[in-house]
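Coordinate inspection notes
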Amino acid sequence: ESYYITTEDGRVENLTVGGGQTNFTKPFDNIGNKSIDEYERYAKAHIASIGVPGCATEGRVFVGQRKEGFAVNLGGLFDLVNLDPLGPRDGAVNTLADKNITTIALELPIECVTNGSEPIIGAWTTARAGDDLEQISRLSNPLVNEVVIGVSDKDAFNRSRPSDDGQFATYVTNPTLPEILEILFPSVQAPNVFPREDLVAAFLTGVDGLNQPANVTASEMMRLNTSIEPTARGEQNNLGVLGGDNAGFPNGRRPGDDVVDIALRVVMGALLPEADAPSGQLPFTDGTMNDSTDFANRFPYLASPLPGSENPTGE
């Protein structure tokens, strides 16, 4: 099975495999050890070096099955937060722990993605369907699509581009989630300052002095300051910027960043003064946890997928 990758920045150009070819090969999924012995070695053989138009340095690409790296207590969160939001960070079942996903992983040199002297980039993804490849979904910051945007506007948000996000700004400046948490858990208090400029920075513009580009237009994207040196895997704080690690979420998003806990704490006012957010420094959690040591220290970073066969020996 093969695929190809194109750029779309006013022109369409193919990324190329070494030797000039434009088609890449995807590995089969991890059926089991009897079908594919030593699956990880087999999968790694499908990592390809790529040539990027207008860029002197090669990148890498991998498209294939990996183990799901996201950790979230889905049932508890969506059942009116049927969990202890101040309980242990690893006390609940990760609903996605036994799942695999199809991953599209790109590793690109910084000079290939930055624009001139501006080191901060923004990224977002879409899913498209139908003969006309109509956009049906979009995602960048986790949980914005799911719990920040209201039900009546979810379809419109999913079909829109970040440049049009001004129409959805009220969901960020006047969020409902903190009020819901206060109703469900009277011992915590929602922030009492509006508009929530702290959430505008976290979700729409980037944080000033961290990952906010010059002349930014408020738009929901994942922003990364490429001039900030990455933190070594074993030294990463899985609370990212909230934990004093400026190389982590919301400055980009590493696989080991516990983005659900971070997002819950930010929504409840972790970036606000205590006078405006009495519960802002509480350790809100969904009870599941990501950590950098759960992932490989090499591309494509996500762990090898779980085999489809329940028999590990292939006998």
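Structure first, text after, so check above.
Read on for a plain summary of the structure. Everything numeric in this text was worked out from a predicted model, so none of it was measured.

**Considering a nonpolar patch on the surface**
Residues Leu-80, Ile-180 and Leu-184 make up a contiguous nonpolar surface patch of roughly 260 Å² in combined accessible area. Relative to the assigned elements, Leu-184 resides in helix H7 (residues 177–184). With a relative accessible area of 31%, Leu-184 lands in the partly exposed category.

**Comments concerning the state of the cysteines**
Overall, the coordinates contain one disulfide when judged by the stated rule. Bridging Cys-55 to Cys-112, the disulfide has an S-S length of 1.7 Å. Its S-S torsion of approximately -70° makes the covalent link between Cys-55 and Cys-112 left-handed. Taken as a pair, Cys-55 in the loop between strand S6 (48–51) and strand S7 (59–67) and Cys-112 in helix H3 (residues 110–113) lie far apart in primary sequence, 57 residues in all.

**Remarks on the pattern of salt bridges**
Under the defined criterion, the tally for this structure stands at eleven salt bridges. One continuous salt-bridge network, built from bridges that share partners, spans Arg-89, Asp-258 and Asp-261.

**Description of the side chain of Glu-68**
Here Glu-68 lies in the loop between S7 and helix H2 (74–78). Among buried charged residues, Glu-68 stands out as having no salt bridge; its nearest opposite-charge side chain is Arg-253, 6.4 Å away. A polar contact is formed between the side chain of Glu-68 and the backbone nitrogen of Phe-70, at a distance of 2.8 Å.

**Brief notes about unusual backbone geometry**
The step from Phe-194 to Pro-195 runs through a cis peptide bond, and the omega angle for that step is 0°. With respect to the helices and strands, Pro-195 occurs in the loop between H7 and helix H8 (197–205). Put simply, Phe-299 and Pro-300 share a cis peptide bond, and its omega is 5°. Within the fold, Pro-300 resides in the segment after helix H9 (259–267). Positive phi, normally seen in glycine, also occurs at Leu-80, with a value near 50°. If you trace the backbone, Leu-80 turns up in the loop between H2 and strand S8 (100–107). The backbone of Leu-143 sits at a positive phi, close to 80°, despite the residue not being glycine. Tracing the backbone shows Leu-143 in the loop between strand S11 (134–139) and helix H4 (144–148).

Procedures and definitions
- Residues numbered from 1 in each chain as written.
- Predicted model: local features only at pLDDT ≥ 70, side-chain atom pairs only at ≥ 80, totals over all residues.
- Heavy atoms only, no water.
- Patch = residues over 30% accessible without salt bridge, like charges linked within 9 Å, V, L, I, M, F, W, Y side chains within 5 Å.
- Areas by Shrake-Rupley, 256 points an atom, 1.4 Å probe, with all protein chains shown as cover.
- Salt bridge = Lys/Arg side-chain N within 4 Å of Asp/Glu carboxyl O.
- Helix = DSSP H or I, 4+ residues; strand = E, 2+ residues; numbered from the N terminus.
- Buried < 20%, exposed > 50% of the residue type's maximum accessible area, 1.4 Å probe, protein only.
- Disulfide = S-S within 2.5 Å.
- Lys, Arg positive; Asp, Glu negative; His and termini not counted.
- Polar contact = N/O pair within 3.5 Å; in protein donor to acceptor, adjacent residues only side chain to side chain.

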